[in-house]
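A closer look at the structure
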Amino acid sequence: MIEIRNLCKVYHNPTGDFVALDDVDLTIAQGEIYGVIGLSGAGKSTLIRCINMLEKPSSGSIRIDGEDITRMRGRELRRIRQSLGMIFQDFNLLMQKTVEENVRFPLEIAGGKQAGADGKVRELLRLVGLEEKAGAYPAQLSGGQKQRVAIARALANDPKVLLCDEATSALDPLTTKSILELLKRINEKIGVTIILITHEMKVVEAICDKVAVIENARIVKDGPTAEHIGHFQEVM
Amino acid sequence: MGAFLENYGAMLVQGTWDTLYMSFLSALFAYLMGLPLGVALAVTEPHHILPRPHVNRILNTVVNIVRSVPFIILLIAVIPFTRWLVGTSIGVTASIVPLVIGAVPFVARLVESSMKELRKGIIEAATAMGASPFQIIYKVMIPETMPSLVLGASITTITLIGYSAMAGAVGGGGLGDLAIRYGYYRYDTTLMMVTIVLLVLIVQGVQLAGTRLSKKINRQ
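Just so it is clear, the structure is predicted and the values come from calculations on it, not from any experiment.

Next up on the list: the overall build of chain B. A tally of helices and strands in chain B yields 10 helices and zero strands. By its C-alpha atoms, chain B is 70 × 40 × 25 Å across when sized along the principal axes. Residues classed as buried in chain B amount to 48% of the 220 residues present. When contacts within chain B are restricted to residue pairs at least 6 apart in sequence, those whose partners lie at least 24 apart make up 74%. For chain B, the computed accessible surface area is about 11,200 Å², with 69% contributed by carbon and sulfur atoms. Considering chain B, the positive charge centre built from 15 side chains and the negative charge centre built from 9 side chains are found 8 Å apart.

Next up, the structure:
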């Protein structure tokens, strides 16, 4: 469902060009949990940010269900972004809005008075186990709870894909484990494809069906997680 | 004391009212123009949601030019414009024109700096959800920076109270006008002290209200 072909990203800095992605090919199937692992600066963050065009690739294509997002602009790009949820390392919740308002926010963005928005928000809060925090503000929540709100928010528009940009890197090991379990459960329950980038092998081992290793802007290895554990131990 | 109030009481009440009227009304008009201008200064910067380097440069230059002109000069320079707009250049209502012109770029800078306090990640998250630049401005940037905008509004109002005293010097009215006419020209120290005390009280009140409101609405 996601086909990345010959993807390159070059940053033009005053001090010279920096190649963040060099001819990256990746195919991610519907319903998979796909991990991209690499050291800081390897290009993994740029890669995931290209998938929803937060970064504009220099060349190459990214097809999502056959549509090339790299060619999209304006309204068309905003429409496809609504079907790509994203969560971040530092959560990026709206601090002046309640948990409930945060989860409702993508529905508002998508437009119109959506019938059943209240029900949808409640259902999502139940899914992430935060029903009783509906009226709380993000500042009153722990890191793990904030990421749960972010996950509920990312799922509000029933996305096909959930992009996780170092989603557990700011969390302690125990909280990381519970967030990963939640992602796994969501993947099984609603079949959303999950792409996650991380620098932690434990994260990949815990939930990824497949994994790609990125090193110096290139994918050096990819395939089913089980086959590659040994290789990661070498490179990481 | 009784004689003082009998002589000057009505005048001081009128002066206080005029000062409040000039400051608050010009603050309101200044925000009608300064808020969009401040947002435009922020969003047209490189890497923001509507990067337009040329527009950004022009806006910055215009804001800096108006801010460079000393207010007392601006006050006199815009007299023909004020006459054209409100029919007179004397009086409380007329003085609102230069006050607004002077305050718009000031407000724009305050708004711009409030916008820049917002973490980039929050705007990025909204972009990733498929929000349009306009939605990001009015559903994310403005609500998320509201506590900071409120503080800015109290700073603006207080600055305008000071400016309105200068406007008084050229026939604008208000407490500043009283302080200059009676206190400065006629050596009536008592009246001057009283107007200053009144100004101090107004400024304290505005600042206190601004700080309290900002705290009350801030959920962070």
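Picking up after the structure, the text goes on.
A word on the pairing of strand β3 (residues 33–37) of chain A. Residues and elements named next belong to chain A. Most of β3 is tucked away: five of the five residues are buried. Of the two faces of β3, the one carrying I33, G35 and I37 and the one carrying Y34 and V36 are both buried. Judged from the four bridges that link them, β3 and strand β9 (residues 210–215) form a sheet pairing that is parallel. Along β9, the bridge assignment pairs I37 with V213.

As a further point, take the UniProt feature "domain: ABC transmembrane type-1" (unreviewed entry) in chain B. Under the UniProt annotation, the feature "domain: ABC transmembrane type-1" (unreviewed entry) is placed at residues 16–209 of chain B. Measuring from the first to the last C-alpha atom of residues 16–209 of chain B gives 18 Å, for a span that is 83% helix and 0% strand.

If you check the backbone angles, N216(A) has positive phi at about 45 degrees while not being a glycine. Mapped onto the elements, N216(A) comes out in the loop between β9 and β10 (218–224). The exposure class of N216(A) is exposed, given its relative accessible area of 69%. Although it is not a glycine, H47(B) adopts a positive phi angle of roughly 70 degrees. Its place among the elements puts H47(B) in the loop between α1 (2–43) and α2 (53–68).

Let's shift gears to the packing of aromatic side chains. Residues and elements named next belong to chain B. Using the criterion set out here, one finds six aromatic pairs over all chains in the structure. Centre to centre, the rings of F71 and Y163 are 4.3 Å apart; their planes meet at 10 degrees, and the pair counts as stacked. Residue F71 is found in helix α3 (residues 71–77), and its partner Y163 is found in helix α8 (residues 146–169); the two are separated by 92 residues along the sequence. With centroids separated by 4.8 Å and ring planes inclined at 45 degrees, the aromatic side chains of F134 and Y138 adopt a geometry described as tilted. With F134 and Y138 both in helix α7 (residues 133–144) and four residues apart, the pair spans about one turn of that helix. Relative accessible area serves as the criterion here: at 58%, F134 is assigned to the exposed category.

Residues and elements named next belong to chain A. Spatial strand order, β2-β1-β4-β5: four strands in an open sheet with antiparallel pairing. This sheet does not close on itself; its edge strands, each paired only once, are β2 (16–28) and β5 (67–68). In terms of strand pairing, strand β4 (residues 59–64) meets β5 through two bridges, oriented antiparallel. Its bridge partner being in β5, R63 is matched across the sheet by D68.

Parameters and conventions
Residues numbered from 1 in each chain as written. Chains lettered and ligands numbered in written order. Predicted model: local features only at pLDDT ≥ 70, side-chain atom pairs only at ≥ 80, totals over all residues. Heavy atoms only, no water. Helix = DSSP H or I, 4+ residues; strand = E, 2+ residues; numbered from the N terminus. Buried < 20%, exposed > 50% of the residue type's maximum accessible area, 1.4 Å probe, protein only. Contact = heavy atoms within 4.5 Å. Areas by Shrake-Rupley, 256 points an atom, 1.4 Å probe, with all protein chains shown as cover. Lys, Arg positive; Asp, Glu negative; His and termini not counted. Charge placed at Lys NZ, Arg CZ, Asp CG, Glu CD. Pairing = 2+ DSSP bridges. UniProt positions renumbered as here; feature names shortened; annotations may be inferred. Phe/Tyr/Trp six-rings, centres within 6.5 Å; stacked < 30°, edge-to-face > 60°.

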